[in-house]
Amino acid sequence: VAPYVSYSTAFTPTSFADEQGNILDPMKGKQWEAGVKYEPEGMNSQFSASVFRINQKNIATKEEPTDPYRSIGEIESEGVELEAIGQLTDSLRMQAAYTYTDIRYKKSSPEEEGKRAVYAPRNMASAWLSYDVKTGPLDGLTVGSGVRYVNGIASDPTPPAPPIISSVLSASAS
């Protein structure tokens with residue numbers, strides 16, 4: 001078991017302008033994260049769990065594509081991430097992840113303050129399997145498929161989107 005704690009800061013200048021043509025202030029951010037990683041003996045796998053908080057100030061946003069940009073005072077994101085990666089057999093690999101995030105306007109207009117941020121999903125989950133062919137005429141071929149699901153987007157009047165399914169086919173030259 002390997003516990004960890006991390007802290008980072010961010011500074012991002014912007015070229016976005018407000019309604020009067022003034023360049024918005026740069027985005028500044030802070031992130032705290034703590035978690036554990038675990039690699040069981042005798043298994044080719046890794047499991048991790050973490051909690052995080054991200055505070056960002058001066059976020060440039062706009063409601064509609066034609067609207068001018070405006071700066072949001074501060075957004076706070078808190079959440080949990082879980083991940084499992086494992087080599088199930090010599091050829092079969094699995095990866096699964098889940099993230100819960102609560103993103104809220106911490107300092108903003110009175111109408112927004114304390115509310116969930118728009119277009120920010122609350123739940124995200126994914127799973128992926130891949131198979132490496134190790135013998136025969138297809139030796140070196142990898143096939144895989146995965147699914148990704150996102151829901152809980154605040155202020156989205158449309159029905160939830162179906163899961164996204166992805167696939168891969170790759171070959172290595174040996």
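Our structure is the block above this text.
These lines cover the structure that appears in this document, whether it is placed above or below. The structure presented is a predicted model; accordingly, all values stated were derived computationally and were not measured.

The next point concerns the nonpolar core. By size, the foremost hydrophobic cluster in this structure holds eight residues: Met27, Ile59, Ile72, Ile75, Ile103, Tyr105, Ala117 and Ala120. Within the residue set of this core, elements represented by two or more residues are β4 (70-87) and β5 (92-107).

Before going further, it helps to examine a nonpolar patch on the surface. The grouping of Val1, Val36, Tyr38, Met43 and Phe47 at the surface amounts to a nonpolar patch, some 490 Å² of accessible area in total. Looking at where tyrosine 38 falls in the secondary structure, it is placed in strand β2 (residues 27-38). A relative accessible area of 40% places tyrosine 38 in the partly exposed class.

By the definition in use, this model includes seven salt bridges. Between lysine 107 and glutamate 74 there is a salt bridge, with the nearest N and O atoms lying 3.7 Å from each other. Here lysine 107 is found in strand β5, whereas its partner glutamate 74 is found in strand β4, with 33 residues between them in sequence. The buried category is assigned to glutamate 74, whose relative accessible area is 5%. Between lysine 106 and glutamate 76 there is a salt bridge; the shortest N-O distance is 3.4 Å. Of the two residues, lysine 106 sits in strand β5 while glutamate 76 sits in strand β4, which places them 30 residues apart along the sequence. Here lysine 106 falls in the partly exposed class, since its relative accessible area comes to 38%.

Examined bridge by bridge, β4 and β5 share 14 bridges and lie antiparallel to one another. Looking at the pairing, isoleucine 85 lines up with glutamine 95 of β5. Where β4 folds back onto β5 in an antiparallel hairpin, the turn is made up of four residues. Two strands pair when backbone bridges link them, and β5 and strand β6 (residues 123-132) are joined in this way by nine bridges, in the antiparallel orientation. In the strand pairing of β6, leucine 92 is matched with tyrosine 131.

Ordered by their spatial adjacency, eight strands build an open sheet running β1-β2-β3-β4-β5-β6-β7-β8, and the pairing between neighbours is antiparallel. Two strands lie at the open edges of the sheet, namely β1 (2-12) and β8 (164-171), each paired on one side alone. For this sheet, the mean inter-axis angle between neighbouring strands, taken without regard to orientation, is 15 degrees. Sheet topology note: the strand β7 (residues 141-151)/β8 ladder contains eight bridges and is antiparallel. When the sheet's bridge partners are listed, threonine 142 is paired in β8 with serine 170.

Cut-offs applied
- Residues numbered from 1 in each chain as written.
- Predicted model: local features only at pLDDT ≥ 70, side-chain atom pairs only at ≥ 80, totals over all residues.
- Heavy atoms only, no water.
- Core = buried A, V, L, I, M, F, W, Y, C linked by side-chain atoms within 4.5 Å.
- Buried < 20%, exposed > 50% of the residue type's maximum accessible area, 1.4 Å probe, protein only.
- Helix = DSSP H or I, 4+ residues; strand = E, 2+ residues; numbered from the N terminus.
- Patch = residues over 30% accessible without salt bridge, like charges linked within 9 Å, V, L, I, M, F, W, Y side chains within 5 Å.
- Areas by Shrake-Rupley, 256 points an atom, 1.4 Å probe, with all protein chains shown as cover.
- Salt bridge = Lys/Arg side-chain N within 4 Å of Asp/Glu carboxyl O.
- Pairing = 2+ DSSP bridges.
- Axes fitted to C-alpha atoms, helices over the stretch in contact; angles between N-to-C directions.

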